[in-house]
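# Remarks on the overall topology
Now for the letters of each chain:
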Amino acid sequence: MKDKIRQSIVLCTISSLVAGCTSTTVIHSRPEGAKVYEDNVYVGTTPYTQKDTKIVGTKTPLRLTMEGYEPFETHLSKDEKPDVGAIAGGFFFLFPFLWTEGYQPEHTYDLTPISPPAAK
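Residues numbered from 1 in each chain as written. Predicted model: local features only at pLDDT ≥ 70, side-chain atom pairs only at ≥ 80, totals over all residues. Heavy atoms only, no water.

Turning to the overall build of the chain, a few remarks are in order. Counting its secondary structure elements, the chain contains 2 helices and 9 strands. When the helices and strands of the chain are listed from N to C terminus, the series reads α-β-β-β-β-β-β-β-α-β-β. Here the chain holds 120 residues, and 32% of them are scored as buried. Long-range contacts, defined here as pairs at least 24 residues apart, represent 58% of the contacts in the chain between residues at least 6 apart. (Helix = DSSP H or I, 4+ residues; strand = E, 2+ residues; numbered from the N terminus. Buried < 20%, exposed > 50% of the residue type's maximum accessible area, 1.4 Å probe, protein only. Contact = heavy atoms within 4.5 Å.)

Attention now moves to the side chain of Thr46. Assignment of secondary structure puts Thr46 in the loop between β3 (41–45) and β4 (48–52). A relative accessible area of 5% places Thr46 in the buried class. A distance of 2.6 Å separates polar atoms of two side chains, one belonging to Thr46 and the other to Ser29. A distance of 3.2 Å separates a polar atom in the side chain of Thr46 from a polar atom in the side chain of Glu32. What Thr46 contacts, discounting residues up to four positions off in sequence, is Ile27, His28, Ser29, Pro31, Glu32, Gly33, Ala34, Val36 and Leu64. (Polar contact = N/O pair within 3.5 Å; in protein donor to acceptor, adjacent residues only side chain to side chain.)

In this fold, Ser77 is placed in strand β6 (residues 72–77). Residue classification places Ser77 among the buried residues on the basis of a relative accessible area of 8%.

Let us now look at the sheet that holds strand β5 (residues 59–65). As summarised here, the arrangement of the 4 strands in space is β3-β2-β5-β6, forming an open sheet in which the pairing is antiparallel. In the strand order of this sheet, the two ends are held by β3 and β6, each with one partner. Taken over all neighbouring pairs, the strand axes of this sheet differ in orientation by 30 degrees on average, direction set aside. For strand β2 (residues 35–38) and β5, the ladder comprises 4 bridges, and the chain directions are antiparallel. In the sheet register, Glu38 faces β5, and the bridge partner there is Leu62. (Pairing = 2+ DSSP bridges. Axes fitted to C-alpha atoms, helices over the stretch in contact; angles between N-to-C directions.)

This paragraph deals with the nonpolar core. Counting 9 residues, the largest nonpolar core consists of Ile27, Ala34, Val36, Tyr48, Leu62, Leu64, Leu76, Tyr109 and Leu111. When sequence neighbours within four positions are dropped, the list of residues in contact with Tyr48 reads Thr25, Val26, Ile27, Val36, Glu38 and Val43. (Core = buried A, V, L, I, M, F, W, Y, C linked by side-chain atoms within 4.5 Å.)

Let us look at the pairing of β3. Two strands pair when backbone bridges link them, and β2 and β3 are joined in this way by 4 bridges, in the antiparallel orientation. Along β3, the bridge assignment pairs Val36 with Gly44. Connecting β2 to the next strand, β3, in antiparallel fashion are 2 residues, including Asp39 with a positive phi near 50 degrees.

Moving on, we come to unusual backbone geometry. Here the amide bond leading from Arg30 into Pro31 is cis, since omega sits at 0 degrees, within 30 degrees of zero. Summarising the element assignment, Pro31 is placed in the loop between β1 (23–30) and β2. With an omega dihedral of -5 degrees, the bond running from Thr46 to Pro47 counts as a cis peptide bond. Within the secondary structure, Pro47 sits in the loop between β3 and β4. Despite not being glycine, Asp39 shows a phi value in the positive range, around 50 degrees. Position of Asp39 among the secondary structure elements: in the loop between β2 and β3. What makes Asp39 partly exposed here is its relative accessible area of 43%. Despite not being glycine, Asn40 shows a phi value in the positive range, around 65 degrees. You can see Asn40 is positioned in the loop between β2 and β3. The class for Asn40 is exposed, based on a relative accessible area of 65%.

Put into structure tokens, the structure is as follows:
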């Protein structure tokens, strides 16, 4: 019986560590279909599901582009939402505390249409 309890504790701890290390967010744009660049590397179009295992406080440069719209630049900051699984795992092992924060589930960015040149 004690072995089963010990196995359950180990399994829960490992699950918390694995789940706590990865963060996910969905990037949307208005209108949808914008090209998404992370660290100046093209990664897909909106809606785009972004996943990473970066540590707390990491900022990832993000750029959205779409023909007829001004480029939109921002960053994703890995300190938007506490991750309960990583916090629980951190009580057993100190290193999961590096992943105690994650992203909001979704980010939506409004693109601004390029204005036509003024007539002279």
